[in-house]
Amino acid sequence: MDNIQETLKAERQKPWREEIRKAIKPKDRTSMQRVKMPEQEPDVRNKNHKEVNRGLTEQMAVKEAQRCLDCANPTCISGCPVGINIPKFIKRIEQGEFLESAKVLKETNALPAVCGRVCPQEVQCEASCFYVQKLKKDPVAIGFLERFAADYERNSGNISIPEVKKKNGIKVGIIGSGPSGLAVAGDMVKWGYDVTVFEALHEIGGVLKYGIPEFRLPNEIVDVEIENLKSMGVKFKTNFVVGTTGSVDDLREEGFEAFFVGSGAGLPRFMNIKGENYRRIFSSNEYLTRVNLMNAANPDYDTPVFSGKNVAVIGGGNTAMDSVRTSKRLGAEKSMIIYRRSIEEMPARVEEVEHAKEEDIIFMNLNNPVEYFADENGNVNRMRVQKMELGEPDSSGRRRPVPLEGSEYEVDVDTVVVAIGVSPNPLIPASMPELDVTDWGTIKVDQDSMQSSVEDVFAGGDIVRGGATVILAMGDGRKAAAGMHSYIQEKAGKRKS
Amino acid sequence: MNKIIEKEQLNNNVVKLIIDAPRIAEKRKAGHFVIVKIDDKGERIPLTIADADAKKGTITLVIQKVGVTSHKLSLMEEGDILTDVVGPLGNATEIENEGTVLCAGGGVGIAPLLPIARAFKEAGNRVVSVLAARNKDLIILEEEMKECSDELIIMTDDGSYGKQGLVTHGMEEILDKEKVNLAVTIGPAIMMKFASQTTKKYNVPTIASLNTIMVDGTGMCGACRVTVDGKTKFVCVDGPEFDAHKIDFDEMIMRLGAYQEQERKDYENYLETL
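How each quantity is defined
Residues numbered from 1 in each chain as written. Chains lettered and ligands numbered in written order. Predicted model: local features only at pLDDT ≥ 70, side-chain atom pairs only at ≥ 80, totals over all residues. Heavy atoms only, no water. Buried < 20%, exposed > 50% of the residue type's maximum accessible area, 1.4 Å probe, protein only. Helix = DSSP H or I, 4+ residues; strand = E, 2+ residues; numbered from the N terminus. Pairing = 2+ DSSP bridges. Right-handed = clockwise from strand over helix to strand, strands pointing away. Polar contact = N/O pair within 3.5 Å; in protein donor to acceptor, adjacent residues only side chain to side chain. Contact = heavy atoms within 4.5 Å. pLDDT = per-residue confidence, 0-100. Axes fitted to C-alpha atoms, helices over the stretch in contact; angles between N-to-C directions. Domains from an automatic or database assignment. Buried area = accessible area lost by both parts, 1.4 Å probe. Salt bridge = Lys/Arg side-chain N within 4 Å of Asp/Glu carboxyl O. Nonpolar A, V, L, I, M, F, W, Y, C, P; charged D, E, K, R; others polar.

**Observations regarding the pairing of strand E8 (residues 334-339) of chain A**
Regular strands have side chains that alternate between both faces of the sheet.
Residues and elements named next belong to chain A.
And then number 1: Across the 6 residues of E8, 5 count as buried, placing the element largely inside the fold.
And then number 2: The pairing of strand E7 (residues 310-314) with E8 spans 5 bridges and is parallel. Residue pairing in the sheet places asparagine 310 in a bridge with lysine 334 of E8.
And then number 3: In this fold, E7 hands off to helix H17 (residues 318-329), which returns the chain to E8; that crossover is right-handed.

This is the structure we're talking about:
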């Protein structure tokens, strides 16, 4: 840790940083207003799949970068799960050196254009910003700036490929190509390893592709980041289910020396209430996969999706917001969120909730489904909902929702999307009985090295956490890469001695 | 990328494709399935593996034309490439020496039944098979099934081949005359429902292999959910085989029709383009 602090300090003392820091007085910096992200108009964007946020202009980005005080003690960095040198990349933007800024991001983050879009900065780096902590002002828009630098580089056609150490010929296998797997791949390939990523689906990217919609994260942007990894030497194998297409043992025989399991939280949860298996009641995974991965809304593609007029989405997280906003874009007249707690207690990002409200999404908070009804064909047509009130705080610290007896009423619906969370994908643990798992089915790991009970197997992301965010998964990936690296080095050391 | 090595037309509506897929060929066991996507804009569909040759690195799929994707598949030729084939998926059939195993297959369901019948035969069971279809043309893989069956009964709805009647009639004929220890049924959902009711009367444990709507086939989407013994199960990771006497077939049949209207329209539009 000391080492990192020393490095940061040395970086901050470089002449270019000193110079730019002195260019504007701190008082003038703090009196500037936080930039506003340009967005598509709500009643336009809720009819197309294009990105809602349009990105900052160069002028906007430079101006916002000027707000950053380049603090001696950059608390923002401690709020970043992958430890981006935040002041350094922001000061590069202030300087107008946008390509240099992107390079800084890529020192520690394999997917900056993705993180700039989907990270919950408001509870991470931006929550630890000096402006919030000490000045009680709006934080520097770190996320918008990250996105700006990454987009600028991509659009410049001048994408820098991070330096890769000489190949050491040691094969490592990454299971799952979602955010945690890509983060491990990025670090390991930089250190000279021969990295292969195995993906069960036909596309690379995991939840970034099948889960997060185009209007929040265009697939094209994910593809560019994947291309970068490919040009660094990462190999990708699609349509490969580790455990069935080939077991970890098979891969060991093929010379793989260590593995990272980032197979995600694949299994959708349902409420197990009456009528939940009627037609047109989907898991959010199914609904979003059809639209995002399979392009079902585009008539040129063969996969069907039902575009309902009255859509109820059950849940209050980001996936629920993604689903309900998708339904609007598929032509729904009424798109409703039904969530058992109040709006303040929804786990979704504030930005997503705000965007959803602007797009005419109806929020039915403190309501919980109890039963579904269907027509003679089995298509859902009504649901019974029960009102809730908030009781005493539960283990999550949020007030527990308590059903209000006798408050049931019915709502007309023709599509329901259940977005109440996911369970860990059982395929890997089932194929490796020697792997220690929790009662929930998540893989048990050492918190620092992310090493599992099987010494050459590391794990991270939702298969360990049970359901979290892209950036936490990437943070796990970086820790696991470090853990894997030292495991392999130690083993090689033992072999020599 | 998987190449079609060989194609055989089994009847007007059913083709057999032998596909290059070495890893799957090596790993697959009776009961496994694959997910196939034929081109960049294609959908993902589950297909049970009918046979495999580990030495040649090939798997055999049997496809009945019922919609856009299966029709496109049936038009593909030797040398053509499928963009994606993934598997083997699902749990393999538990093969033991049970004694006598009754294998009841309907229509294109005979294809996935074949490797299971073979495996039971190899495990030392007496295998008695009933193959059923609407007419003679639709009875497929008769020779192959004969090779692994000690006795084989063919039933057709119209009496154009074998005996006239439903699969259940053939099953009853067996069940009335000998002790059966286990029954396996694969075919259209409605046929499996009645096959299952038949064996229940005789108290014969029965497994059915289900082919529901799927997207990913790895537990992710839940499109394949069925109710078994009052609980929701995923066919892709919990199945595809379940205790037939506990499956809610009516719900399964209802869910299989989820995209019926849209699929029918798409299919009509597609047929017009041919």
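Let us keep going from here.
**Some words on the side chain of Asp84(B)**
And then number 1: Here Asp84(B) lies in strand E7 (residues 84-89).
And then number 2: A distance of 2.7 Å separates a polar atom in the side chain of Asp84(B) from a polar atom in the side chain of Asn239(A).
And then number 3: Apart from residues lying up to four places away in sequence, Asp84(B) is in contact with His202(A), Asn239(A), Asn2(B), Ile35(B), Val36(B) and Lys37(B).

**So, the confidence of the model for chain B**
Detailed conclusions should not be drawn from predicted coordinates in areas where pLDDT is low.
And then number 1: Across chain B, the average pLDDT comes to 95, with 100% of residues at 70 or higher.
And then number 2: For this predicted complex, the interface confidence reaches an ipTM of 0.93, while the overall pTM sits at 0.93.

**A closer look at the sheet that holds E8(A)**
Residues and elements named next belong to chain A.
And then number 1: If you walk across this open sheet you meet the 5 strands as E6-E14-E7-E8-E9, and the pairing is parallel. Across the chains shown, the open sheet's two edge strands, defined by having one partner strand only, are strand E6 (281-283) and strand E9 (362-365). Each adjacent strand pair in this sheet contributes to an overall mean axis angle of 20°, direction not counted.
And then number 2: Two strands pair when backbone bridges link them, and E6 and strand E14 (residues 415-418) are joined in this way by 3 bridges, in the parallel orientation. By the bridge assignment, phenylalanine 282 is partnered in E14 with valine 417.
And then number 3: In this fold helix H16 (residues 284-293) packs onto E6 and E14, with an angle of close to 85° to the strand it touches most, E6.
And then number 4: Across the sheet, H17 lies against E7, E8, E9 and E14, angled at about 165° from E8, the strand it touches most.

**Considerations on the domain arrangement of chain A**
All names here are of chain A.
And then number 1: Each assigned domain of chain A is listed with its residue range as follows: domain 1 (21-34 + 51-156), domain 2 (171-266 + 425-496) and domain 3 (268-422).
And then number 2: Contacts between the two partners involve 15 residues from domain 2, matched on the other side by 14 residues from domain 3.
And then number 3: It is Tyr210, Phe215 and Arg216 in domain 2 that bury the most area against domain 3; as a group they hold 46% of the surface buried on that side.
And then number 4: Taken together, the links from domain 2 to domain 3 amount to 2 salt bridges.
And then number 5: Here glutamate 352 makes a salt bridge to arginine 216, at a shortest N to O gap of 3.4 Å.
And then number 6: Counting across the interface, domain 2 meets domain 3 through 4 residue pairs in polar contact (both at pLDDT 80 or more).
And then number 7: Considering only residue class, the side of domain 2 that touches domain 3 consists of 6 nonpolar, 5 polar and 4 charged.

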